[in-house]
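Coordinate analysis (summary)
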Amino acid sequence: MTIVIRKIAFSGPGTVSELDFADGLNLVYGASNTGKSFATKAIDYMLGGSRLLPDISERRPYERVWLGLSTPDGDEMLSRALAGGNFAVRPGLAGPQDGADDVRVLGAKHDHTDDANLSQFLLGQVGLRGKRIAVDANGKKRSLSFRDISRFCIVDETTIQSEGSPIQTGSPLTQTAERSAFKLLLTGIDDSAIVEVVDSRTFKSSTSAQIEMLDDMLAAVDAEIENGFADADELKDQNDRLEASFAAAQADLDAAQGSIRDLLERKRRLGLEVSMATARLDDIDLSLERFAQLDSVYVSDIQRLEALDEAGFLLTLGGGRDCPLCGAAPDSQHHHEEVGDVERVRAAAAAEAAKIVRQRADLASTMAQLISDRRRLVDHLPTVQGSLHETEAQLERLTPGATEARRAISEIMEVRDQVRRGLALIDQRTSLLERRAEIAARRPAAKADRPRIGVDGPTAHEFAQVVSQVLTAWNFPGEHHVSFDEPSYDLRIDGKLRGHNGKGVRAITHAAFKVALLIFCKDRGLPHPGFLVLDTPLLTYRDPIGDDALTEDERALVASSLKQHFFSHLASLKDVGQFIVVENVDPPAGLEADANVIVFRGGSSGRAGLL
């Protein structure tokens, strides 16, 4: 998971200036003051640098910087205003003059809780998102930012000549974080597992603050005990006596409430029985009244039916005699059908009367049963009512005793709660004293208890051997015996600390350090941005001077064929990573066949400069 820089460009109203890069080795060289170092600063600015680009006259027509990248997720074009601020990102490598609709915004400030910022985007492309690094010797940690590793892949002309370590800025405030980031690249392991210890200064201030707070709490507790509990020493015995009194009063109340509960249940049952008996009596009286009315109806119906039978009988008495009107003999009369109808009516009336008689007998039986039930209820109701009155009287006698028991318990509880409050204050005071003694007895963590932060010895030694191989490939003067100096976090080359050499040697050995780091990570499959920008690693710009002004190590460097080997070696590392070298010196002849060579001529012919 690596990144390849494809182009750096500047755009303004009606004007665009682009500089394209290829895989492998890229060399930008030429005349001084043509924008070579400005290009380095622009790449750093577009990879999250907060420092604005120098306000040179050549950049006045431009308003925006563009950086084309090839990432594991695809080609991306970043843009940012020269005035600073957030980044716009669009897919593909289309030039600044080409518009695009699919644009997203990335914040310029690192935020590990939000993916929408440049640092998280770049860390994700190289496989370092979510990593944490220690920032002090006690193991305090923060999330890794891309700016923590940018110094390992972008080296400006001032830094490359510095006497300090290639991984450190020289600030004590950032030293631990810089060493932790270097260890992360060398091992692929971050500092998430480190458990922070409290430093002695913080420990002392924290301890003093805690003791002061506990003293304030003790003073408040002592004041409350003194003001509210003059007999604090007797609170335990007083509490025991109160507990005994409370238990006795509670037993009396339970007994009284038990009796009252039984009586209340009996009262409820008797009241329900009286209510049900009274309701039953009312129902019986209402039923008897209605049944009496029904019996009257039955009697009236029977009388009506008997009258109907008697009338029919009378109608049939003269059926066998001569007609009183015409004198016709019975055989000559035609009333047989009518007589038959009368007989049928009489028979029906007799049947209906018999049925009503039976119904009246059933009604009489029912009324007799109701009268019997009413008599029984009337006899039983006074007994139940008497029991109810007696129960109510017993409740009236017991209620004052239960009320008194509750009052006694309430008084005991009030005193007991106050006593318990005093005991709680005493227990709190004891606990605070124990806590204070425990805190006062603490001691800060010893130096040996601090976590070991930074690269381990064997890994540093392996890395130093890769640096030795790089120096050998470059035909660097000397025996190429390289070791890692832990106090300075720098290299010793043939026994001499790297920073103790002249600036020309410091520059080339700084470059060897960063090239070796890229090789080391690539060979071991460890995360690395995959590109390296080096500003004047071979020779910084200077006015023409004689050889007698050179230091001894610089004269040896000039006498060697280091330049030829330097470029040949970087060109051979195309499969390892991308190298962008900014130089003032002329390259070896024929380098164009192995590298992308860009010349800033500073004149009218060819490319004058970056802008």
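Please read these numbers as outputs of a predicted model, since none were measured by experiment. (Residues numbered from 1 in each chain as written. Predicted model: local features only at pLDDT ≥ 70, side-chain atom pairs only at ≥ 80, totals over all residues. Heavy atoms only, no water.)

Side note on the environment of aspartate 156
- Mapping aspartate 156 onto the fold places it in the loop between strand S10 (154–155) and helix H4 (157–160).
- Here the alpha-carbon distance between aspartate 156 and proline 537, two residues 381 residues apart in the chain, equals 9.3 Å.
- Of the polar contacts made by the side chain of aspartate 156, one reaches the backbone nitrogen of threonine 159; its length is 2.7 Å. (Helix = DSSP H or I, 4+ residues; strand = E, 2+ residues; numbered from the N terminus. Polar contact = N/O pair within 3.5 Å; in protein donor to acceptor, adjacent residues only side chain to side chain.)

Focus: the nonpolar core
- Counting 101 residues, the largest nonpolar core has Ile8, Phe182, Phe463, Trp474 and Val515 as its most contacted members.
- Counting residues per element, this core draws most heavily on helix H10 (residues 503–523), which supplies 13 residues.
- Counting residues in hydrophobic clusters, the runner-up holds 19 residues, among them Leu288, Ile302, Met367 and Val384. (Core = buried A, V, L, I, M, F, W, Y, C linked by side-chain atoms within 4.5 Å. Buried < 20%, exposed > 50% of the residue type's maximum accessible area, 1.4 Å probe, protein only.)

A look at the packing of helix H5 (residues 175–187) against H10
- Two elements in contact, H5 and H10, have axes separated by 8 Å at closest approach and are oriented at 45 degrees. Overall, the two elements H5 and H10 adopt an arrangement that is oblique. Residues Phe182, Leu185 and Leu186 of H5 touch H10, and the partners they reach there are Phe513, Leu517, Phe520 and Cys521.
- Considering only residue class, the contact of H5 with H10 consists of seven nonpolar, no polar and no charged. (Axes fitted to C-alpha atoms, helices over the stretch in contact; angles between N-to-C directions. Parallel < 35°, antiparallel > 145°, perpendicular 65-115°, else oblique. Contact = heavy atoms within 4.5 Å. Nonpolar A, V, L, I, M, F, W, Y, C, P; charged D, E, K, R; others polar.)

Here we look at the pattern of salt bridges
- In total, this model carries 22 salt bridges according to the counting rule given.
- The salt bridge partner of lysine 355 is glutamate 352, with a shortest N-O separation of 3.6 Å. Remark: glutamate 352 and lysine 355 occur in helix H8 (residues 336–441); sequence separation between them is three residues, near one turn of the helix.
- Taking the relative accessible area as the measure of exposure, lysine 355 reaches 33% and is therefore partly exposed. (Salt bridge = Lys/Arg side-chain N within 4 Å of Asp/Glu carboxyl O.)

Some points on the pairing of strand S11 (residues 482–485)
- Examined bridge by bridge, S11 and strand S12 (residues 490–493) share four bridges and lie antiparallel to one another. Across the sheet, serine 483 pairs through a bridge with arginine 492, a residue of S12.
- If you look at the hairpin formed by S11 and S12, you'll find four residues sitting between the two strands, and tyrosine 489 has a positive phi there, around 50 degrees. (Pairing = 2+ DSSP bridges.)

Points about H10
- The end-to-end C-alpha distance of H10 is 30 Å, a good match for the 30 Å that 21 residues give at a rise of 1.5 Å each.
- H10 sits mainly inside the fold: 18 of its 21 residues count as buried.
- Two residues or fewer after H10 comes glycine 525, characterised by a positive phi angle close to 65 degrees. (Expected span 1.5 Å × (residues − 1).)

Quick look at the pairing of strand S6 (residues 87–91)
- Here strand S5 (residues 74–81) runs beside S6; their pairing, made up of four bridges, is antiparallel. Looking at S6, one finds that serine 79 is bridged to alanine 88.
- Taking the residues that link successive antiparallel strands as the turn, the S5-S6 hairpin has five residues, and the phi of glycine 84 there is positive, at about 95 degrees.
- Pairing of S6 with strand S7 (residues 104–106) involves three bridges; the strand directions are antiparallel. The partner of alanine 88 across the bridge, within S7, is valine 105.

Function cannot be read off these values alone, since they describe shape.
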